[in-house]
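# Summary of structural features
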Amino acid sequence: MGEQVSLYDEKVLTLFKLLGNKRLFIMLFGLILFIALMGFTLGGRLNLSWPEKFVHDTVTFVQQIFYKPASYVSGFIKDVSNLKDVHEENERLKIAVAQYTRDKAHYNAIQAQNESLMDALKFTERQKKLNLPYEYRIAQVTSINVADPFNQTINVNLGSKNGVRQGMPVISVEGVVGMISRVYEFSSTVQLLTNLDDKDPSSRPISATIMGKEKKSFGMIESYDHSSGTFSMTRIEEDDEIAEGDTVVSSGEGGIFPKGLILGTVISINVGEFGLTRTATVQPAATYRDWRELFIVITPDANETGKEAK
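Residues numbered from 1 in each chain as written. Predicted model: local features only at pLDDT ≥ 70, side-chain atom pairs only at ≥ 80, totals over all residues. Heavy atoms only, no water.

## Considerations on the overall build of the protein
Assigned secondary structure in the protein consists of four helices and twelve strands. For the protein, the residues scored as buried account for 29% of the 310 residues in total. Long-range contacts, defined here as pairs at least 24 residues apart, represent 58% of the contacts in the protein between residues at least 6 apart. (Helix = DSSP H or I, 4+ residues; strand = E, 2+ residues; numbered from the N terminus. Buried < 20%, exposed > 50% of the residue type's maximum accessible area, 1.4 Å probe, protein only. Contact = heavy atoms within 4.5 Å.)

Here's what the structure looks like:
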């Protein structure tokens, strides 16, 4: 009996020693808790326990706190990146549009020049058919002086080095524009026919006739009416065969203009001063638009003068 009690005491003492070892105790408790949780979670359950609910809700709340700001920051960074891409794409498009605009302007300029040169070619071919012994030199218009509406001039890029002389006619594909008033080495000034004024002693009238009626019609283009945009052809004989719709050309008399250059079209005929002559209103052939190219008429006499000057 005494031996059994002592054996029980030894077992109890050994148990207390084991429990006195805290590390071993904690390990045993953790192992038991882990086994219990494993058995609890692996079992088929429909409802969650309150600790699981608490842990899940706590984790979800914490994630929500950190997720929203993180998503905002991430979205902002993505938007900034997209904005940078859009800006770069916009710059590339601007460059492409600018290049297209330059190419289109260049194409339009070439097309306009080509059309102008085609018109000039057709004009020279028509002039050749008239058998007029003139040379036509194409001059580029460099500037237009329109500050004084009653004394308008234009400048062209041909001068004395190109054989241009004062008094030479200047024409467009439509008709006479004016005459060379000043000549420089590499440029010239053209005085327009719109400056004709019968009250100005320095204004030089142009002797004119009717195309196809050169021997039966004669008059003088003396002035230009700025209000109506027409010439006044005076000194027409009463028995002259001039009629409305006739084409007025230079007659070559008077030494200012060579003959055969188109001046305009007769639109009306009236009784002249003192009733002894008649006056015709002539619509100019040239429209006096923004010219790019004009022709300087080089006559045989002018060529000879140029050769003598050289």
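## Digging into a nonpolar patch on the surface
Among the surface-exposed residues, Leu31, Phe34 and Ile35 lie close enough to one another that they form a single nonpolar patch of about 320 Å² accessible area. Mapped onto the elements, Leu31 comes out in helix α2 (residues 22-42). Taking relative accessible area as the criterion, Leu31 reaches 49% and is therefore assigned partly exposed. (Patch = residues over 30% accessible without salt bridge, like charges linked within 9 Å, V, L, I, M, F, W, Y side chains within 5 Å. Areas by Shrake-Rupley, 256 points an atom, 1.4 Å probe, with all protein chains shown as cover. Salt bridge = Lys/Arg side-chain N within 4 Å of Asp/Glu carboxyl O.)

## As for unusual backbone geometry
Positive phi outside glycine occurs at Arg235, with the angle close to 60°. Within the secondary structure, Arg235 sits in strand β8 (residues 230-236).

## Considering the pattern of salt bridges
Inspection of the entire model under this criterion finds seven salt bridges. Linking Glu89 and Arg92 is a salt bridge whose minimum nitrogen-to-oxygen distance equals 2.4 Å. Here the residue Glu89 and the residue Arg92 both occupy positions in helix α3 (residues 50-129), the gap between them amounting to three residues, near one helical turn. Residue class for Arg92 comes out partly exposed when judged on its relative accessible area of 46%. A salt bridge links Lys161 to Glu185, with the nearest nitrogen and oxygen atoms 3.9 Å apart. In this pair, Lys161 sits in the loop between β2 (153-156) and β3 (169-171) while Glu185 sits in the loop between β4 (176-183) and β5 (188-192), placing the two residues 24 residues apart along the sequence.

## Structural notes on the sheet that holds β8
Reading around the circumference, β6-β7-β8-β11-β10-β9 is the order of the six strands in this closed barrel, with antiparallel pairing throughout. Strand after strand, the sheet turns through a mean of 45° between neighbouring axes, direction not considered. Where strand β9 (residues 247-250) and strand β10 (residues 262-271) come together, three bridges link them in antiparallel fashion. Bridged to Val248 within β10 is Gly264. (Pairing = 2+ DSSP bridges. Axes fitted to C-alpha atoms, helices over the stretch in contact; angles between N-to-C directions.)

## Brief notes about the confidence of the model for the protein
When pLDDT is averaged along the protein, the result is 77, and 65% of the positions lie at 70 or above. Element-level pLDDT for the protein is lowest in helix α4 (residues 300-309), with a mean of 46, against a maximum mean of 93 in strand β11 (residues 278-284). Low pLDDT, under 50, characterises residues 302-310; the predicted model gives this stretch six contacts beyond four residues in sequence or across chains. (pLDDT = per-residue confidence, 0-100.)

## Some thoughts on the side chain of Ser217
Inspection of the secondary structure puts Ser217 in the loop between β6 (206-210) and β7 (219-225). Its relative accessible area of 4% is what places Ser217 among the buried residues. Side-chain polar atoms of Ser217 contact the side chain of Asp240, separated by 2.7 Å. With residues near it in sequence (within four places) discarded, Ser217 still touches Thr209, Ile210, Asp240 and Ile242. (Polar contact = N/O pair within 3.5 Å; in protein donor to acceptor, adjacent residues only side chain to side chain.)

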